[in-house]
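Overview (structure and organization)
So the chains spell out like this:
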Amino acid sequence: MIGIGILKGMAVTARNFVGSYFEKERLITVQYPEERNPLPENYRNFPFLPYDGDDPHAGLRCVACKICEKECPPQCIYIVKSEDKKPDYMGKPQFYPAVFDIDISVCMSCQICVEVCPFEAIKMDKDFELSRRERFDALLLRKSDLAKSNEYYQRICPTDAAEVDAKLAAAAEAAAKKKAVSAAAATAATSPAR
Ligand code: SF4
Ligand code: SF4
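Quick look at the structure, then. Values in this document were obtained by computation on a predicted structure and should not be read as measured data.

1. Here we look at the nonpolar core
- Ranked by internal contacts, the top residues of the largest apolar core, which has 22 residues, are Leu49, Cys62, Ile102, Ile122 and Leu146.
- Of all the secondary structure elements, the ones that give two or more residues to this core are β1 (47-51) and β5 (97-103).
- Top element by residues in this core is β1. It accounts for three residues.
- The residues touching Ile122, leaving out its near neighbours within four places in the chain, are Pro47, Leu49, Cys62, Cys68, Cys113, Val114 and Cys117.

Below, the structure is given as C-alpha cells:
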C-alpha cells in the first residue's frame, strides 16, 4: 500500500517521542554544551605533542627529525631544529624542535604524522572546540599550544597510551641493560691482569 513506509516511520517517531518521557535511553539528543556524549577512544581531530614529566620543554619527546613534516600530505607542519641538544626520556642527548607549528586550518586529520613518527612524539588530540573569529593566524598552533602532558594522553586515549608507555619503558630498560653491560666490559678491560 502506498504510504505504508511513512506510517511505519511516524509510528517509530511517536514511540520514541512518548517513550523519551519515561526512558532516558530514548533521548538521542543532549543539551550541549552543558551535556556531552563521551567521545569514542579512536575519535581524532588534530595532532599534539606529548611530553613526559612536568616540564613541556625537558619532557618533549620530539627530536625534530622532520619525518612528519616531510610526510604530511598538505604540508601543514613547520619545524626548525634546535642548535643545541637536551636529554631525551632515556637520558640520551637529542635535538629538539626550536619551532614546531601546525596549521590546523590546513590539517586534514589523516594521522600520517603519527604513523610515521619513530619516537611516539606526536599523537592525535580530541579537542574539537577550536573555532576562532580570525581566519588565519589563530588556527596556527605553536609548540606551546601543541605540547600536552602524557597524563593528558593517558586520559583521552587510555588503551593507546598504556601501550606506548609499556613500549617506552621496555626500550629504556633495554638501553639501561646495554649500558650496564658495556660499562662492565670496559671495567674488565681496564682491570690489571692477575
Ligand atoms: S594529521 Fe595529516 S594533515 Fe594533519 S598534520 Fe598530521 S600528517 Fe599533516
Ligand atoms: S614529531 Fe616525531 S616525526 Fe615529527 S619531528 Fe618530532 S620526532 Fe620526528
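2. Digging into unusual backbone geometry
- Here the residue pair Tyr32 and Pro33 is connected by a cis peptide bond, since its omega of 10° sits within 30 degrees of zero.
- Along the chain, the position of Pro33 falls in the loop between α1 (4-19) and β1.
- The backbone of Lys66 shows a phi angle near 70°, a positive value even though the residue is not glycine.
- Of note, Lys66 is situated in the loop between β1 and α2 (67-71).
- Look at Lys66 and you get partly exposed, because 16 C-beta atoms sit within 10 Å.
- Backbone geometry at Gln111 places phi at a positive 75°, although glycine is not the residue there.

Calculation notes
Residues numbered from 1 in each chain as written. Chains lettered and ligands numbered in written order. Predicted model: local features only at pLDDT ≥ 70, side-chain atom pairs only at ≥ 80, totals over all residues. Core = buried A, V, L, I, M, F, W, Y, C linked by C-beta atoms within 7 Å. Buried ≥ 20, exposed ≤ 12 C-beta atoms within 10 Å, placed from the backbone. Helix = DSSP H or I, 4+ residues; strand = E, 2+ residues; numbered from the N terminus. Contact = placed C-beta atoms within 7 Å.

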